[in-house]
Amino acid sequence: MLLWQKAMIGLARSEGMTRRMQGSPRMDRFAARYVGGRDAAGGLARALELREAGIDASLFYLGEYVEDPAEIRATMNALAGSAAGLGAAGLDVHLSVDPTQAGAMRSWDECRANVRTLARTVADNTPDERDPVRRDVLMIDMEDSSVTEPTLELYRTLRREGLPVAVTVQAYLHRTPGDLDSLVRDGAMVRLVKGAFAEPADVAFTSRRERDDAYRRSLATLLSPEARERGVRPVFGTHDDRMVDLAAHVAGANGWKPGEWEVEMLLGVRPAYQRELVDRGVRLRLYLPFGRDWWPYSIRRVGEKPGNALFVLRTLLGAG
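Residues numbered from 1 in each chain as written. Predicted model: local features only at pLDDT ≥ 70, side-chain atom pairs only at ≥ 80, totals over all residues. Heavy atoms only, no water.

**Student:** Now, about empty space enclosed by the protein: what can you tell me, with residues and values included?
**Tutor:** Rolled over the atoms, a probe with the dimensions of a water molecule shows which regions are left empty. Per the counting criterion, the structure on display carries one cavity of 30 Å³ or more. Only α7 (148-160), β4 (165-170) and α8 (176-185) provide two or more residues apiece to the lining of the largest cavity. If one sorts the elements of the lining of the largest cavity by residue count, β4 sits on top with three residues. (1 Å grid on protein atoms, 1.4 Å probe; cavity = no way out; pocket = protein on both sides within 12 Å on 5 of 7 lines; lining within 4 Å. Points joined across faces, edges and corners; volume = space filled by probe spheres on them. Helix = DSSP H or I, 4+ residues; strand = E, 2+ residues; numbered from the N terminus.)

**Student:** If you had to explain the packing of aromatic side chains to someone new, which residues and values would you point to?
**Tutor:** All chains considered together, the criterion is met by three aromatic pairs. For the ring pair Tyr61 and Phe290, a centre distance of 5.5 Å and an interplane angle of 65° mean the geometry is edge-to-face. With Tyr61 in strand β1 (residues 56-61) and Phe290 in strand β8 (residues 284-290), this residue pair connects regions lying 229 residues apart in the sequence. The pair Tyr61 / Phe290 is uniform in exposure class, with both members buried. The aromatic ring of Tyr273 is capped on one face by Arg270, whose charged end is 4.3 Å from the ring centroid. (Phe/Tyr/Trp six-rings, centres within 6.5 Å; stacked < 30°, edge-to-face > 60°. Buried < 20%, exposed > 50% of the residue type's maximum accessible area, 1.4 Å probe, protein only. Lys NZ or Arg CZ within 6 Å of the ring centre and 35° of its normal.)

**Student:** Could you give an account of the packing of helix α9 (residues 208-222) against helix α11 (residues 241-253), naming the residues involved and the relevant values?
**Tutor:** Each packed pair of helices is defined by two parameters, the angle between the axes and the distance between the axes. Here α9 crosses α11 at 25°, and the two axes come no closer than 10 Å. The pairing of α9 with α11 is recorded here as roughly parallel in orientation. The handedness of the crossing between α9 and α11 comes out as right-handed. Contacts between α9 and α11 involve Arg208, Asp212, Tyr215, Arg216 and Leu219 from the former and Arg242, Met243, Leu246, Ala247 and Val250 from the latter. For the contact of α9 with α11, a count of residues per class yields six nonpolar, no polar and four charged. (Axes fitted to C-alpha atoms, helices over the stretch in contact; angles between N-to-C directions. Parallel < 35°, antiparallel > 145°, perpendicular 65-115°, else oblique. Left-handed = near helix turned anticlockwise from the far one by under 90°. Contact = heavy atoms within 4.5 Å. Nonpolar A, V, L, I, M, F, W, Y, C, P; charged D, E, K, R; others polar.)

**Student:** Could you give an account of the sheet that holds strand β7 (residues 262-266), naming the residues involved and the relevant values?
**Tutor:** What the eight strands build is a closed barrel, ordered β1-β2-β3-β4-β5-β6-β7-β8; its pairing is parallel. For this sheet, the mean angle separating the axes of adjacent strands, direction not counted, is 30°. As paired elements, β1 and β8 share six bridges and run parallel to each other. Bridging from a neighbouring strand, Leu59 pairs with Leu288 of β8. Contacts between helix α6 (residues 108-124) and the sheet are confined to β2 (94-97), β3 (137-140) and β4, with β3 contributing the most and set at about 150° to the helix. Across the face of the sheet, α7 comes into contact with β3 and β4 while running at roughly 155° to β4. (Pairing = 2+ DSSP bridges.)

**Student:** Could you give me a rundown of the layout of surface pockets, with the residues and numbers involved?
**Tutor:** Considered as a void within the structure, the second largest pocket measures approximately 600 Å³ in volume. Considering the residues around the second largest pocket, the lining is formed by 26 residues, among which Arg130, Asp131, Pro132, Arg134 and Arg233 are closest to the centre.

**Student:** Break down helix α5 (residues 69-89) for me, citing the residues and quoting the values.
**Tutor:** Given a rise of 1.5 Å per residue, 21 residues ought to cover 30 Å, and the 30 Å separating the end C-alpha atoms of α5 matches this to within 8%. Of all the residues in α5, the buried ones are Glu71, Ile72, Thr75, Met76, Ala78, Leu79, Ser82, Ala83, Gly85 and Leu86. Along its buried surface, α5 packs onto α4 (40-52), β1, β2, α6 and β8. Two or three places before Ala70, at the opening of α5, Asp68 has a side-chain oxygen 3.1 Å from that residue's backbone nitrogen. The first or second residue beyond α5 is Gly90, which carries a positive phi of 80°. (Expected span 1.5 Å × (residues − 1). Polar contact = N/O pair within 3.5 Å; in protein donor to acceptor, adjacent residues only side chain to side chain.)

What follows is the structure, given as structure tokens:
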């Protein structure tokens, strides 16, 4: 699996392959599986379709590790437009943003200013009357461990300013138990993921069993009675049905009501299981990317599930 993932990452980083695939009309069907649209309007349209199916969305503009000021501005404008569109449509104004697409590659001061502005835009487009069912928030994504601390500090700064921000935490990092303890005391909204970066053993758990165990421990922390009393809003970013079942069990045992916690999955991944969760009454949100640069993101999804390679091949050949 590791060699396969490395091969897909290589394809994702190939500028020539990216140009070829994104310029191929035949690949539109492949892109549509994992990407909500080529622009903010397309992303909003897909979010509306999902809402009709009982599923919420978090919109993300495709792009990462951006240094070009023009591209950073384009990213912020696309997300701000999405906030306005979601608000006007009566949907959760729920956005996701990577610090490295918001200016962190240039300076954390620039990133902080951009993310602050975006969080204010989220606040400006949400209803005046607070609805506990809604999740109007700017979710700050977590990237590799070199930016973990500044990303958490970015969250803490904007949270102190009273802005609607949440943060993603990676269970496999050795530091995560301490970070979660602090976030629980803060009554934070936290998206918990397993972690997918190639971190060294002194920074993160490296075996699948260790990562799964770390996720279970973190899940229990976010669904503890203390977390519920503090007003924590847990989000479990996982496609692992074992973890979803565990979350449902722990939540029920600790008095959490349906809707007080949610599962977040990627658009296009395990759609039948997504439908099953909705039918079971589990609150589900999909990470919904949109934008022009869809190839690197989409081919990484193939890297995570080799079976999807057949879908790519059939698309290229014009079959099915």
